[in-house]
Amino acid sequence: MKKKDIKILLVDDEPDILEIVGYNLSAEGYQVITAENGLKAVNVAKKEKPKLIILDVMMPEMDGIEACEQIRKIPELSNTIITFLTARGEDYSQMAGFDAGADDYITKPIKPKVLVSKVKALLRRLKEEDPSESILKIGNLIINREEYKISLNGKEIILPRKEFELLSLLATKPGKVFKREEILDKVWGNEVVVGGRTIDVHIRKLREKIGDNSFKTVKGVGYKFVD
């Protein structure tokens, strides 16, 4: 996919952020669309169907957390990558963002060139996979990696992109212990800096949706999927 075909929705109530970040992303060749609040972001996302959404948290009309939740309810945007870009770095804010369906969390201030590198790392996840390896069947669990769909006992389950990619990775080799470093590299990318609790938060959400017994923690090493 060429950069000129990739739409990025940038949402922030600070005009300077929209101008500076928008300029740098546009200069890199991406299509940049902007919105100044969460409510407008949801409406613009429905219309434009961006590949990546960069959301501030604290905004008028509708904050970023609620906007993220609303966007995740739109079926045609289920594969859209959502990352928060905010000055708030507290754990509760980050966890609220992940719980709302965000894929990543970037703290400002951040140098424009570093942000562009992070955006590139996020967008690398859009690469198409080999269709022959797109369907994983493990017992009553079916993972369609091409369509980003999951079925458990015949019932479809909607997962945020990052939870989906984590489950997909672990399920490729049931019983194998994936080290935390490997999970961070393959799911989040080695250019994206995330907190140490990120994997734990996503595993907790997967246990709630897929089943606690499906995931085993190997203390001091990582996680494995149990068939």
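Throughout what follows, the structure given in this document is the object of discussion.

Calculation criteria
Residues numbered from 1 in each chain as written. Predicted model: local features only at pLDDT ≥ 70, side-chain atom pairs only at ≥ 80, totals over all residues. Heavy atoms only, no water. Pairing = 2+ DSSP bridges. Helix = DSSP H or I, 4+ residues; strand = E, 2+ residues; numbered from the N terminus. Salt bridge = Lys/Arg side-chain N within 4 Å of Asp/Glu carboxyl O. Buried < 20%, exposed > 50% of the residue type's maximum accessible area, 1.4 Å probe, protein only.

## Here's the deal with the pairing of strand β8 (residues 149-152)
And then number 1: In the sheet, strand β7 (residues 141-144) pairs with β8 via 4 bridges, with the strands oriented antiparallel. Among the inter-strand pairings, I142 is bridged to a residue of β8, identified as S151.
And then number 2: Adjacent in sequence and paired antiparallel, β7 and β8 are bridged by 4 residues, among which Y148 carries a positive phi angle near 55 degrees.
And then number 3: Bridge analysis of β8 against strand β9 (residues 155-157) gives 3 bridges, and the strand direction is antiparallel. Residue pairing for β9: S151 is matched across the bridge by E156.

## Side note on the pattern of salt bridges
And then number 1: Tallying each qualifying case throughout the model produces 16 salt bridges.
And then number 2: The salt bridge involving E28 is made with K3; its shortest N-O contact spans 2.6 Å. Pair noted here: E28 is in the loop between α1 (15-27) and β2 (31-35) and K3 is in the segment before β1 (7-11), with a separation of 25 residues, a long-range link.
And then number 3: Assessed through its relative accessible area of 31%, K3 is described here as partly exposed.
And then number 4: Overlapping salt bridges, with partners in common, bring together D99, R204, K205 and E208 in one network.

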